[in-house]
Amino acid sequence: MKASIETTIPEPAYSDPICTDGIERLRIRVHPSNRWNPPTLIYLPGIHGDWTLIGAFREGLQRRACFVDMTYPRTTRWSLQDYATAIEEGLREHGIQGGWLLGESFGSQVLWELAARKRFRISGLILAGGFVRYPYPALVAWARGILPHVSHRMLLRLLPAYVMYAKFRHSGSPISIQGARDFVARRNHLDKEAILHRLRLIEANDPREVARTTPFPVHHLYGAIDPIVPWPPVGGWLRKNCPSLRGSRRVLASDHTILATAAESSVDQVCQWIA
């Protein structure tokens, strides 16, 4: 059964570069490769929920893999099972029968749900700044408590600074700078509630048994500077408890958003794993 989807028309002054029709639904894009019989890599976004920040990573994969990216609806109703159901159905509709799953941060929780269901032909699992059970649940509870007190107006005032940071951080990558602009442009009043809901899903979810017993190869890619998902407890747990762990890579000059801040290194490492 298809997961229920909230349909919401944003405020009139709002211009969303992804949901141009004003409808909140799962959106999937397939970026074919001109390589013969390439591996398929399916990107599951982090808590922000869209594909805006991975332009350089996607561009680097052009001749090396078939890349599938997606944007989640900004829903406050979906369970992780609903996310998995909608993604499985969406991939089938696009003719994607199997592939590698790349779960970024919150996307790793969707990844474990898809792995547990085994209704999609999975070649392997890659955590990008991802985790199994979040190592410090109190931090999630703290974030959940703080976020409601941050007004939408305050967020709108702060967001332009992110574009300025992107111009400095990605000065040689026009596609990354445009991605930052798109990220900022599509933020609206629905984001805060959707992120709060995803934090609740993280807090309640415990896929450790799935990770212990999964038959699929598991890889862990992470930035050395990551205060959001601290990598020592995540990596330590995987090495000790996940027999399917096959690879682990720390990128020194990168943060939590490793696919954006270390796109070239991430592409090279991911392609090595999925080859």
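My aim in this report is to walk through the structure given alongside it, one point at a time. What you are looking at is a predicted structure, and each value in this text was computed from that prediction instead of being measured.

Packed helices, taken two at a time, are described by their axes: the angle between them and the distance between them. Interaxial distance between helix H2 (residues 80-93) and helix H3 (residues 107-117) falls to 9 Å at its minimum, and their mutual angle equals 70 degrees. Considering their axes alone, H2 and H3 lie roughly perpendicular with respect to each other. In this structure, H2 uses Leu-80, Gln-81, Tyr-83, Ala-84, Thr-85, Ile-87 and Glu-88 to contact H3, whose residues at the interface are Gln-109, Val-110, Glu-113, Leu-114 and Arg-117. Split into classes, the residues belonging to the contact of H2 with H3 amount to six nonpolar, three polar and three charged.

Let's shift gears to the sheet that holds strand E7 (residues 245-251). Spatial ordering of the open sheet is given by E1-E3-E2-E4-E5-E6-E7, a layout of seven strands whose pairing is mixed. Either end of the sheet is taken by a strand with one partner, and the two such strands are strand E1 (27-31) and E7. The average angle at which neighbouring strand axes cross in this sheet is 20 degrees, direction not considered. Looking at chain direction, strand E6 (residues 218-223) and E7 are connected through six bridges and run parallel.

Right, let's talk about the pattern of salt bridges for a bit. Evaluated as defined, the whole model comprises 15 salt bridges. Arg-186 is the salt-bridge partner of Asp-50, the closest N and O atoms lying 3.1 Å from each other. Of the two residues, Asp-50 sits in the loop between strand E2 (40-44) and helix H1 (55-60) while Arg-186 sits in the loop between helix H6 (174-185) and helix H7 (189-204), which places them 136 residues apart along the sequence. Each member of the pair, Asp-50 together with Arg-186, is buried. Two residues, Asp-69 and Arg-58, come together in a salt bridge whose shortest N-O distance is 3.3 Å. Here Arg-58 lies in helix H1 and Asp-69 lies in strand E3 (residues 66-71), a separation of eleven residues in the sequence. Look at Asp-69 and you get buried, because its relative accessible area is 0%. Accessibility expressed as a relative area gives 18% for Arg-58, which makes it buried. Several salt bridges share partner residues, and in doing so they unite Asp-16, Glu-24, Asp-50, Arg-74, Arg-186, Arg-187 and Asp-191 into one network.

What follows deals with the nonpolar core. Formed by 42 residues in total, the largest nonpolar core has its most connected members in Ile-42, Leu-44, Tyr-72, Ile-87, Leu-101, Val-110 and Leu-125. Residue contributions to this core peak at six residues, all from H2. Beyond its immediate stretch of four places on either side in the chain, Leu-44 contacts Met-70, Tyr-72, Ile-87, Leu-101, Leu-102, Gly-103, Glu-104, Gly-107, Val-110, Leu-111 and Leu-114. Grouped together as the second largest cluster of nonpolar side chains are 26 residues, Cys-19, Tyr-43, Trp-51 and Ala-263 included.

In this structure, Glu-93 sits in helix H2. Considered as a pair, Glu-93 and Ile-28 are 65 residues apart in the sequence and their alpha carbons are 9.6 Å apart.

So, on to the side chain of Glu-113. For Glu-113, the position within the fold is in helix H3. For the buried Glu-113, no salt bridge exists, and the shortest N-O distance to an oppositely charged side chain is 4.2 Å, to Arg-117. Beyond its immediate chain neighbours, meaning those up to four positions away, Glu-113 contacts Leu-80, Gln-81 and Ala-84.

Close contact between helix H5 (residues 152-169) and H6 brings their axes to 9 Å; oriented N to C, the two are set at 175 degrees. It follows from the interaxial angle that H5 and H6 lie roughly antiparallel. On H6, the residues that touch Leu-159, Tyr-162, Val-163, Ala-166 and Lys-167 of H5 are Ile-177, Ala-180, Arg-181, Phe-183 and Val-184. Of the residues assigned to the contact of H5 with H6, the class counts are eight nonpolar, no polar and two charged.

Turning next to the environment of Ile-274. Structurally, the position occupied by Ile-274 is in helix H11 (residues 263-274). Residue class for Ile-274 comes out buried when judged on its relative accessible area of 6%. Setting aside residues no more than four positions away along its own chain, Ile-274 makes contact with Pro-39, Ala-65, Trp-100 and Ile-126.

Once that is clear, we can look at unusual backbone geometry. Trans peptide bonds make up most of the peptide bonds, and negative phi angles are found at most residues other than glycine. Within the chain, Ser-105 stands out as a residue other than glycine whose phi angle is a positive 50 degrees. Within the secondary structure, Ser-105 sits in the loop between strand E4 (98-104) and H3. Its identity as a non-glycine residue notwithstanding, Lys-118 has a phi of 55 degrees, on the positive side. Looking at where Lys-118 falls in the secondary structure, it is placed in the loop between H3 and strand E5 (121-128). Overall, the relative accessible area of 52% leaves Lys-118 in the exposed class.

What counts and what doesn't
- As a convention, each chain's residues are numbered from 1 in the sequence order in which they are written.
- Confidence filtering applies because this is a predicted model: local features only for residues at pLDDT of at least 70, side-chain atom pairs given and counted only at 80 or more, and all residues used for totals across whole chains, interfaces and linings.
- Side-chain measures here rest on the full set of heavy atoms in the structure, leaving out hydrogens and waters.
- As a rule, the C-alpha atoms of each element are fitted with a line to give its axis, helices using only the stretch in contact, and angles between N-to-C directions run from 0 to 180 degrees.
- Labels follow the DSSP assignment, with helices taken as runs of H or I lasting at least four residues and strands as runs of E lasting at least two, numbered in each case from the N terminus.
- By definition in this entry, angles of less than 35 degrees are roughly parallel, angles greater than 145 are roughly antiparallel, angles of 65 to 115 are roughly perpendicular, and the rest are oblique.
- Pairs of residues are marked as contacts when any of their non-hydrogen atoms sit within 4.5 Å.
- Any residue that is not Ala, Val, Leu, Ile, Met, Phe, Trp, Tyr, Cys, Pro, Asp, Glu, Lys or Arg is counted as polar, Gly included; the first ten are nonpolar and the last four charged.
- Only when DSSP finds a minimum of two bridges between them are two strands counted as paired.
- A carboxyl oxygen of Asp or Glu within 4 Å of a side-chain nitrogen of Lys or Arg is what we treat as a salt bridge.
- Any residue under 20% of the maximum accessible area for its type is buried, any over 50% is exposed, and the rest in between are partly exposed; the area is computed with a 1.4 Å probe on protein chains only.
- Nonpolar core, defined: a set of buried Ala, Val, Leu, Ile, Met, Phe, Trp, Tyr and Cys residues in which side-chain atoms within 4.5 Å join the residues together.
- Charge convention: Lys and Arg are scored as positive, Asp and Glu as negative, and His as well as the terminal groups of each chain are ignored.

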